Amino acid sequence: MMTKKKSKHAFKIIKLVIIAIFSLIPIFMYFLVFNHGLSSNSQDWGAFGSFVGGIYAPIVAIISVYVLIKTLYSMDSHNKSSQRHQEKERHLENVRWLTDLLNGMLNKKYPLSQPKVFYGNLRQMLIKKLENDYNPDGAIIKNKAIELMKENEEIFQDECIIFDDLFYRVTHNEDIDDGALSCMILIAKLSPEERFWLMQYAKAHEHRAAKDLKFW
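S.K.: An account of the overall build of the protein is needed here, citing residue identities and associated values.
M.R.: Helix and strand content of the protein: 8 helices and 0 strands. Overall, the protein shows an N-to-C arrangement of helices and strands of α-α-α-α-α-α-α-α. Burial statistics for the protein: of 216 residues in total, 25% are counted as buried. Total accessible area on the protein is roughly 15500 Å²; 62% of this is exposed by carbon and sulfur atoms.

S.K.: Give a detailed account of the environment of Ile127, specifying residues and quantitative values.
M.R.: Checked against the element boundaries, Ile127 lands in helix H3 (residues 115–129). Sequence separation between Ile127 and Ile141 is 14 residues; the distance between their C-alpha atoms is 8.9 Å.

S.K.: Any chance you could break down the pattern of salt bridges for me, citing the residues and the numbers?
M.R.: A full pass over the atoms with the stated rule returns 8 salt bridges. Lys129 is the partner of Glu151 in a salt bridge, and the nearest nitrogen-oxygen pair spans 2.8 Å. With Glu151 in helix H4 (residues 138–151) and Lys129 in helix H3, the pair connects residues that are 22 residues apart, well separated along the chain. Given the relative accessible area of 54%, Glu151 is considered exposed. Residue Lys129 is classed as partly exposed on the basis of its relative accessible area of 22%.

S.K.: Explain the side chain of Thr99 residue by residue, including any values.
M.R.: Following the sequence through the fold, Thr99 ends up in helix H2 (residues 42–107). Setting aside chain neighbours within four positions, we find Thr99 in contact with Leu166, Ile185, Leu186, Lys189 and Leu190.

S.K.: Account for the packing of aromatic side chains, naming residues and giving values.
M.R.: Enumeration over the complete set of coordinates arrives at 5 aromatic pairs. Plain terms: the ring middles of Phe118 and Phe156 are 6.3 Å apart, the flat faces sit at 75° to each other, and that makes the pair edge-to-face. Taken together, the positions of Phe118 in helix H3 and Phe156 in the loop between H4 and helix H5 (157–171) put the pair 38 residues apart, joining distant regions of the chain. On the accessibility criterion, Phe118 (15% relative accessible area) is buried. Measuring from centroid to centroid gives 6.0 Å for Phe156 and Tyr201, while their planes differ by 85°, and the two rings are edge-to-face. Taken together, the positions of Phe156 in the loop between H4 and H5 and Tyr201 in helix H7 (residues 192–204) put the pair 45 residues apart, joining distant regions of the chain. As far as the burial class goes, Phe156 and Tyr201 line up, both buried. Among the aromatic residues, those joined into a cluster by ring pairs are Phe118, Tyr119, Phe156 and Tyr201. The lysine or arginine in question, Arg208, covers the ring of Tyr168, its NZ or CZ lying 4.6 Å from the ring centre.

S.K.: An account of the confidence of the model for the protein is requested, with residue identities and associated values reported.
M.R.: In the predicted model, the protein carries a mean pLDDT of 82, and the fraction of residues at 70 or more is 81%. Least confident of the elements in the protein is helix H1 (residues 2–33), whose mean pLDDT is 68; most confident is H7, at 93.

S.K.: Give a description of the nonpolar core that names residues and reports values.
M.R.: Ranked by internal contacts, the top residues of the largest apolar core, which has 32 residues, are Leu102, Leu122, Met149, Phe156, Phe163 and Trp197. Taken together, the elements giving at least two residues each to this core come down to H2, H3, H4, H5, helix H6 (176–189) and H7. In this structure, Phe156 is in contact with Leu106, Lys109, Phe118, Tyr119, Leu122, Met149, Trp197, Leu198 and Tyr201, ignoring residues within four places of it in sequence.

Here is what the cut-offs are and how they apply
Residues numbered from 1 in each chain as written. Predicted model: local features only at pLDDT ≥ 70, side-chain atom pairs only at ≥ 80, totals over all residues. Heavy atoms only, no water. Helix = DSSP H or I, 4+ residues; strand = E, 2+ residues; numbered from the N terminus. Buried < 20%, exposed > 50% of the residue type's maximum accessible area, 1.4 Å probe, protein only. Areas by Shrake-Rupley, 256 points an atom, 1.4 Å probe, with all protein chains shown as cover. Salt bridge = Lys/Arg side-chain N within 4 Å of Asp/Glu carboxyl O. Contact = heavy atoms within 4.5 Å. Phe/Tyr/Trp six-rings, centres within 6.5 Å; stacked < 30°, edge-to-face > 60°. Lys NZ or Arg CZ within 6 Å of the ring centre and 35° of its normal. pLDDT = per-residue confidence, 0-100. Core = buried A, V, L, I, M, F, W, Y, C linked by side-chain atoms within 4.5 Å.

Here it is, written out as structure tokens:
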């Protein structure tokens, strides 16, 4: 690491020395060709000033334009970076808000009973559907859960509208880090049972979340 820093510093010094040498060449050539030494004649100094102005004014103008373009490019990059950061923060804030909203709606389903009772009843109904299936695998369990959700169309009707939008935001994200954070928010705030039943409901009634599952 230190070697790279030293090499970069040495390269900068060499570059500055080269620029300084090339900058002084016109003055050196002027004194070499037009004047052997310093002159006491004011006209010679006037001619020298015109020469310096004619040589260095375009160079300074070019450098000024370059610095201006560089500054504008830097400002534009900073603005784009700031805009991307704001968009990321807005996306994550929307995911948090939608997850809290969905969580609140789900909690209202069992104000007088515990969530365990509510989902326990669903589990018992699912077990009853599976009583004729010996050693069912995961696919059979999900299919029976979908059948159960078809029979209970109103159970997650309002909640699935929010779940569709939330799941779309979580799964359709080009930024890998933001996508991972969105998934973590969803997993942290919704229990496995809530996610399972919402997804089976979405499949049963062909909601958008079921189509977005391939991006999960």
